[in-house]
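In case you want the letters, here they are:
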Amino acid sequence: MSTRIRIEPLSVEAFAPYGDLMQASGPPDKLINLGRCGRFHDRARLDFADGRAGISIFQAEVETLPLALQLVERHPEGSQAFVPMSFDPFLVVVATDAGGVPQNPRAFMTAPGQAINFHRGTWHGVLAPLCAPGLFAVIDRIGDGANLEEYWFDTPYIIEE
Ligand SMILES: NC(=O)N[C@@H](O)C(=O)O
Ligand code: NI
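Residues numbered from 1 in each chain as written. Chains lettered and ligands numbered in written order. Predicted model: local features only at pLDDT ≥ 70, side-chain atom pairs only at ≥ 80, totals over all residues. Heavy atoms only, no water.

- Where an unreviewed UniProt entry is consulted, the chain appears under the name Ureidoglycolate lyase, with the organism given as Roseovarius pelagicus.
- For the record of the chain, the UniProt heading Catalytic activity (unreviewed entry) holds the text "(S)-ureidoglycolate = urea + glyoxylate". (UniProt positions renumbered as here; feature names shortened; annotations may be inferred.)

1. Considering the site of ligand 1
Then, in step 1: In the vicinity of ligand 1, the contacting residues are Phe 58, Glu 73, His 75, Gln 80, Phe 82, His 124, Val 126 and Leu 127.
Then, in step 2: Separating an oxygen atom of ligand 1 from a side-chain N or O atom of Glu 73 is a distance of 2.4 Å.
Then, in step 3: At a separation of 2.8 Å, an oxygen atom of ligand 1 approaches a polar side-chain atom of His 75.
Then, in step 4: Alone, ligand 1 offers 270 Å² of accessible surface; in the complex the protein occludes 74% of this.
Then, in step 5: For the shell around ligand 1, a count of residues per class yields four nonpolar, three polar and one charged. (Near = heavy atom within 4 Å. Polar contact = N/O pair within 3.5 Å; in protein donor to acceptor, adjacent residues only side chain to side chain. Areas by Shrake-Rupley, 256 points an atom, 1.4 Å probe, with all protein chains shown as cover. Nonpolar A, V, L, I, M, F, W, Y, C, P; charged D, E, K, R; others polar.)

2. Comments concerning the pairing of strand β9 (residues 101-109)
Then, in step 1: Sheet topology note: the strand β1 (residues 4-9)/β9 ladder contains three bridges and is parallel. Bridge pairing links Ile 7 to Ala 107 in β9.
Then, in step 2: Inspection of the sheet shows strand β8 (residues 90-98) paired to β9 by seven bridges, in the antiparallel sense. Note on β9: the bridge partner recorded for Val 94 is Arg 106.
Then, in step 3: Counting the residues in the hairpin turn of β8 and β9 gives two residues, including Gly 99, whose phi is positive at 60°. (Pairing = 2+ DSSP bridges. Helix = DSSP H or I, 4+ residues; strand = E, 2+ residues; numbered from the N terminus.)

3. Some details on the coordination of the nickel ion (ligand 2)
Then, in step 1: Only Glu 73 (OE), His 75 (NE2), Gln 80 (OE1) and His 124 (NE2) from the protein reach the nickel ion (ligand 2) as donors, at distances of 2.0 to 2.2 Å.
Then, in step 2: The site at the nickel ion (ligand 2) holds six donor atoms, and with the angles between them running 69 to 173°, its shape is octahedral.
Then, in step 3: Read in sequence order, the donor residues coordinating the nickel ion (ligand 2) give the pattern E-x1-H-x4-Q-x43-H. Of the two residues, Glu 73 is situated in strand β6 (residues 67-74) and His 124 in strand β11 (residues 123-124); the sequence distance between them amounts to 51 residues. His 124 shares its class with Glu 73; the two are buried. (Donors = N, O, S within 2.8 Å, 3.2 Å for Na, K, Ca; no water. Tetrahedral: all angles 85-135°; square planar, octahedral: opposite > 155°, others 65-115°. Buried < 20%, exposed > 50% of the residue type's maximum accessible area, 1.4 Å probe, protein only.)

4. Re the sheet that holds strand β7 (residues 80-84)
Then, in step 1: With antiparallel pairing, the five strands of this open sheet are ordered in space as β2-β10-β7-β13-β5. Looking at which strands have only one partner, the edges of the open sheet turn out to be β2 (19-22) and β5 (52-59). Across this sheet, the average inter-strand angle for adjacent strands is 20°, counted without regard to direction.
Then, in step 2: Relative to strand β10 (residues 115-118), β7 runs antiparallel, the two being bridged by three bridges. Residue pairing in the sheet places Ala 81 in a bridge with Asn 117 of β10. (Axes fitted to C-alpha atoms, helices over the stretch in contact; angles between N-to-C directions.)

Structure below.
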């Protein structure tokens with residue numbers, strides 16, 4: 001029998017144990033470019049063990065809800081940011097860790113214009129767009145050695161609105 005996970009709205013506070021929520025909210029930290037651009041400065045903690053930051057473009061298949069969550073993964077050597085290249089919400093799944101086993105998965109829905117950065121080592125679902133084109137810039141570690149741990153649940157969770 002699958003456990004059902006209700007999708008929660010994403011907030012800075014709710015997501016803080018897992019990563020950073022990036023958005024242009026409230027007054028900008030700086031006005032730049034002759035006052036014509038608000039800079040929301042340094043909104044994510046990038047963390048790469050003996051590697052470097054890279055920016056890749058992901059073109060991902062669109063997922064539909066309810067979604068069966070079978071797999072979560074984590075990157076022990078680096079953080080990973082998902083920055084949508086469209087003004088669409090997407091699904092973010094995270095879980096805590098207990099001795100190398102993901103626990104208490106949670107699902108969040110971003111608002112259009114929001115991006116996220118998983119802290120290094122955070123269990124998460126793979127990129128899950130809900131609207132086409134599923135196009136994202138992904139900032140993560142480029143380097144040698146393994147940086148991907150996967151965990152397959154014996155029974156999938158069902159993620160629903
Ligand atoms: N494997 C990969 O590049 N992508 C995943 O890490 C993911 O979180 O989507
Ligand atoms: Ni990942």
